[in-house]
Amino acid sequence: MIALLLLTTSLAVQQQDTISPAARRVLADVRFLAADSQEGRGVGTAGLTRSGAYIRESFARAGLQASFQDFTISPDAPAVLHTNLGGSATRNVVAVIPGTSKTLKGEVVVVGAHYDHLGMGGFGALDTTTAVHNGADDNASGTAALLEIGRSLAQRRPRPARTIVLVAFSGEELGTLGSSYFVQHPLPQPIDSLYAMLNLDMVGRLRNARLMALGAATAKEFPSLLDSVNTPARFDLRASGDGWGPSDHAVFFATRHPVLHFFTDLHEDYHRATDDWDKLNIGGIAQVAQFVSDLAFALANRTGPLTFVDAPRPQASTGGSGYGAYLGTIPDMSGGVSDGVRISGVRAGSPAEGAGLQAGDVITAIGDKRIANLYDMTDALRAHQPGDTVVIVSRRDGVERRATAVLGRRSS
Ligand SMILES: [Zn+2]
């Protein structure tokens, strides 16, 4: 454990000595955003307010028109039932690169990343630690990439034909609240003029150059466009899927527009207090930023429309808003399981405890959904309501077990 920690620390230090100017800027941004002083960028904290000001200042320094879009956390938001955040003021940060084509500047390419995170843990966290949850990958990484995209696009000549709008969203961890507010109050054009939305959420753990472009099936033209920007091959690009998913792009997809979600995959620190900046692949974030900047520019200059491809909303899913039901398992992140989620324990009094689950069990299905990884498990729980009775299939010492659990309600 300690040796591993030393290794990652020395890697991060090594990164500082050898990195490109873009990566150096990314490093400064993630170190600021994911510092303890930012209080885990929880909605309602001074740290989140400071982070918002930092983002606006960075956009302005890049020469972009930047502004705040203030909104209030609705007391009716599902997540607010579990927190005391109803009525809290928060803000998106918006920067605009006006299009130059008379006929196309009314169309908008939105590039977005949420900058809020879980604060001190509790609601939405996968651990039970009350500590600053820095959210370095989730989503200081995407926010830093967004800032770098802003710097890169501000320099680009000729200017883009379509308008490009960069948005740092708040309230994502409470159920995509900032992006929902944005699609109802878009700047500077109504959402009907949206051409495409590109979302960066968790792009800080690039491994083996593998970058996921989820939502690639939402426009017929996306796969070939992605390939054309990925030359020479910078990434092992995994482009697939519809536009539903647990992040801000789903809100835009719900308005029937093409979306892409860039993602470097889940890891053992996801939604835990250990998601820290020294575990990030800083050069990888800079590479993703350059790629998405090039893609946004290509989209902004493309002739002709994109062919939107719709998909049904996953059954009973809330499409990214809300966290669904509560089981009360504590995932074991030490690895070694590729066909399920091993748990390191259950919370006292939880539905998981009631179902007889215990440390070491590997959960392989919840209801009719097969569980291969933590992402599946999050999806499965989001697809259920508190009070639902589900069968939990698990494996203990190689023997399959089935138990029923009555799912509960999450609380902070
Ligand atoms: Zn998150």
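Residues numbered from 1 in each chain as written. Predicted model: local features only at pLDDT ≥ 70, side-chain atom pairs only at ≥ 80, totals over all residues. Heavy atoms only, no water.

**Details of the pairing of strand β4 (residues 163-169)**
Each regular strand carries side chains that alternate between the two faces of the sheet. Counting buried positions along β4 gives seven out of seven residues, so the element sits mostly inside the fold. Neither face of β4 is open: one carries Thr163, Val165, Val167 and Phe169, the other Ile164, Leu166 and Ala168, and all of them are buried. Summarising the sheet, strand β2 (residues 89-97) and β4 pair through five bridges and their orientation is antiparallel. Among the inter-strand pairings, Val96 is bridged to a residue of β4, identified as Val165. Examined bridge by bridge, strand β3 (residues 108-114) and β4 share seven bridges and lie parallel to one another. Paired with Val111 across the two strands is Leu166, which belongs to β4. Handedness of the crossover joining β3 and β4 through helix α4 (residues 136-155): right-handed. (Buried < 20%, exposed > 50% of the residue type's maximum accessible area, 1.4 Å probe, protein only. Helix = DSSP H or I, 4+ residues; strand = E, 2+ residues; numbered from the N terminus. Pairing = 2+ DSSP bridges. Right-handed = clockwise from strand over helix to strand, strands pointing away.)

**Here we look at the sheet that holds β3**
With respect to topology, eight strands assemble into an open sheet ordered β1-β2-β4-β3-β5-β8-β6-β7, the strand pairing being mixed. Each of the sheet's edge strands pairs with one partner strand only, and the pair in question is β1 (65-72) and β7 (236-240). In this sheet, neighbouring strand axes are inclined to one another by 20° on average, regardless of whether the strands run parallel or antiparallel. Each of β1, β2, β3 and β4 is contacted by helix α5 (residues 177-184), which is oriented at about 105° to β1, the strand it contacts most. Relative to the sheet, helix α8 (residues 282-301) contacts β3, β4, β5 (194-200), β6 (210-214), β7 and β8 (259-263), its axis offset from that of β5 by approximately 175°. (Axes fitted to C-alpha atoms, helices over the stretch in contact; angles between N-to-C directions. Contact = heavy atoms within 4.5 Å.)

**Points about helix α10 (residues 374-382)**
Within α10, seven of the nine residues are buried, which leaves it mostly tucked inside the rest of the structure. Looking at the packing, one finds that the buried side of α10 touches β9 (325-326), β10 (329-331), β11 (341-346), β12 (362-366) and β13 (369-370). Between the side-chain oxygen at the start of α10 and the backbone nitrogen of Tyr375 there is a gap of 3.1 Å, and the oxygen is on Asn373. (Polar contact = N/O pair within 3.5 Å; in protein donor to acceptor, adjacent residues only side chain to side chain.)

**Things to note about the packing of aromatic side chains**
If you walk through the whole model with that rule in mind, you get ten aromatic pairs. When the centroid spacing of 5.2 Å and the interplanar angle of 20° are considered together, the rings of Phe71 and Tyr181 count as stacked. Note that Phe71 is positioned in strand β1 and Tyr181 in helix α5, a separation of 110 residues in sequence. Given a relative accessible area of 6%, Phe71 falls into the buried group. Ring plane angle 55° and centroid distance 6.0 Å describe the contact between Phe169 and Phe252, whose orientation is recorded as tilted. Within this pair, whereas Phe169 is found in strand β4, its partner Phe252 is found in helix α7 (residues 249-253), the two being separated by 83 residues in sequence. The same class applies to Phe169 as to Phe252, namely buried. Through a chain of ring-to-ring contacts, three or more aromatic side chains come together here, namely Phe169, Phe182 and Phe252. Over the aromatic face of Phe297 sits the side chain of Arg156, whose NZ or CZ is 4.0 Å from the ring centroid. (Phe/Tyr/Trp six-rings, centres within 6.5 Å; stacked < 30°, edge-to-face > 60°. Lys NZ or Arg CZ within 6 Å of the ring centre and 35° of its normal.)

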